[in-house]
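Inside the fold
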Amino acid sequence: MIIVLFGPPGAGKGTQANILAKHFDIPNFSTGDMFRAAIAAGTPVGRQVKAVIEAGDLVSDDLVNQLVFERINQVDCAKGVILDGYPRTVAQAEELDKWLENHHLHLDVIFEFQVDEQELVTRRAGRLYAPISKRVYHVDNNPPKVAGKCDETGETLVQRDDDNPEVVKHRLDVYREQTSPVIAFYKAQNRHLAIDGMTPIDDVFQTILNALPQAD
Ligand code: AP5
């Protein structure tokens, strides 16, 4: 089972990826989380991408593809994997198809989260992020049990550096220009499913489950 969650910044991909990973007991792989962890740890990859992420631009296709393929080739992904934030360019989508074909795998459908722009602003403004557990909260829509602390790890929740208004605006432009063509790529092959991302978190989860052939 390969589940791809696609959509603009703040649409709810990470939130659903966490829920789906628990439900299906398969890994959830967010390229954004991977880069944030690499930056925090000061690894060579982290140093390479820091300025790009902080500016809200896209990391190069070659680097992203290499890291994703290394990750999904690991044994814990044998049962399936949830890809959150990848592919994000048509070139990435094409490379993913090639890699899957070479490994006798196939991606049936991507889920595109559709959310109004004003709602995206509200969600990002109130988002709280747990750097260790990678869980995502919202001050109003999805608050932690104890204010400012992650339910799972108790770590202090933070706001993401790339959630400041200027960078967010640029990330949306990048999404429109470089990422949204991926929708047409999958639509042309009948592998695209639009999800109403405006509904409550539990309802979005149920919609995805209902659309998956393996769903309970
Ligand atoms: P990444 O971390 O992937 O950021 P993004 O795609 O911009 O998405 P976000 O994480 O901002 O939002 P989300 O859709 O996950 O929403 P969330 O669930 O948090 O990427 C960061 C950067 O890494 C990129 O800018 C780029 O530089 C680089 N990068 C990553 N992948 C790359 C790639 N493939 N190629 C090149 N570069 C790459 O939810 C948002 C808020 O809303 C939360 O507070 C949540 O609690 C709340 N919420 C969620 N769902 C609902 C709901 N249904 N109702 C009400 N509130 C909700």
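Residues numbered from 1 in each chain as written. Predicted model: local features only at pLDDT ≥ 70, side-chain atom pairs only at ≥ 80, totals over all residues. Heavy atoms only, no water.

A look at the nonpolar core
Soluble globular proteins tend to pack their nonpolar side chains together in the buried interior. V68, I72, L83, L96, L107 and Y186 are the most contacted members of the largest nonpolar core, which has 29 residues in total. Every element with two or more residues in this core is listed here: β1 (2-6), α3 (44-55), α4 (61-72), β3 (81-84), α5 (90-102) and α8 (181-187). When near neighbours in sequence (up to four residues on either side) are disregarded, Y186 contacts P87, A93, L96, L107, I110, R191 and H192. Within the second largest apolar cluster, 20 residues are counted, among which are L5, I82, F111 and I195. (Core = buried A, V, L, I, M, F, W, Y, C linked by side-chain atoms within 4.5 Å. Buried < 20%, exposed > 50% of the residue type's maximum accessible area, 1.4 Å probe, protein only. Helix = DSSP H or I, 4+ residues; strand = E, 2+ residues; numbered from the N terminus. Contact = heavy atoms within 4.5 Å.)

Section: the environment of D76
Structurally, D76 can be placed in the loop between α4 and β3. Setting aside chain neighbours within four positions, we find D76 in contact with P27 and R71. At a separation of 2.7 Å, a polar atom in the side chain of D76 contacts the side chain of R71. (Polar contact = N/O pair within 3.5 Å; in protein donor to acceptor, adjacent residues only side chain to side chain.)

A few points about unusual backbone geometry
For the bond running from Y86 to P87, omega is 0°, close enough to zero to count as cis. Of note, H104 is a non-glycine position whose phi angle comes to about 55°, a positive value. Mapped onto the elements, H104 comes out in the loop between α5 and β4 (110-114). Classification of H104 as exposed rests on a relative accessible area of 75%.

Quick notes on the site of the ligand
Surrounding the ligand, one finds 36 residues, the nearest of these being T15, D57, R88, R127 and R171. At 3.0 Å from an oxygen atom of the ligand is found a main-chain nitrogen or oxygen belonging to G12. Within the complex, the protein chains bury 97% of what would otherwise be the 1,100 Å² of accessible surface of the ligand. If you list the elements that add at least two residues to the shell around the ligand, you get α1 (13-24), α2 (31-41), β6 (136-138) and α9 (201-211). No other element matches α2, which puts 4 residues into the shell around the ligand. Looking at the shell around the ligand, its residues break down into 14 nonpolar, 13 polar and 9 charged. (Near = heavy atom within 4 Å. Areas by Shrake-Rupley, 256 points an atom, 1.4 Å probe, with all protein chains shown as cover. Nonpolar A, V, L, I, M, F, W, Y, C, P; charged D, E, K, R; others polar.)

Structural notes on α9
What α9 keeps buried is the set V204, F205, I208 and L209. Each buried residue of α9 lies within a common arc of 135° when the element is viewed along its axis, so the set occupies one face. For α9, the exposed residues set more than 90 degrees away from the buried face come down to D202 and N210. The inward-facing, buried residues of α9 contact β1, α1, β4 and β7 (192-196). (Arc of directions from axis to C-beta.)

Looking at the sheet that holds strand β2 (residues 28-30)
Taking strand neighbours across the sheet as the criterion, the 5 strands line up as β2-β3-β1-β4-β7 in an open arrangement whose pairing is parallel. Both outer strands of the open sheet, β2 and β7, are each paired with one neighbouring strand and no more. Each strand axis lies, on average, 25° off the axis of its neighbour in the sheet, ignoring direction. Relative to β4, β1 is paired through 3 bridges, and the arrangement is parallel. When the sheet's bridge partners are listed, L5 is paired in β4 with F111. Against the sheet, α9 contacts β1, β4 and β7, and its axis sits at roughly 155° relative to β7. (Pairing = 2+ DSSP bridges. Axes fitted to C-alpha atoms, helices over the stretch in contact; angles between N-to-C directions.)

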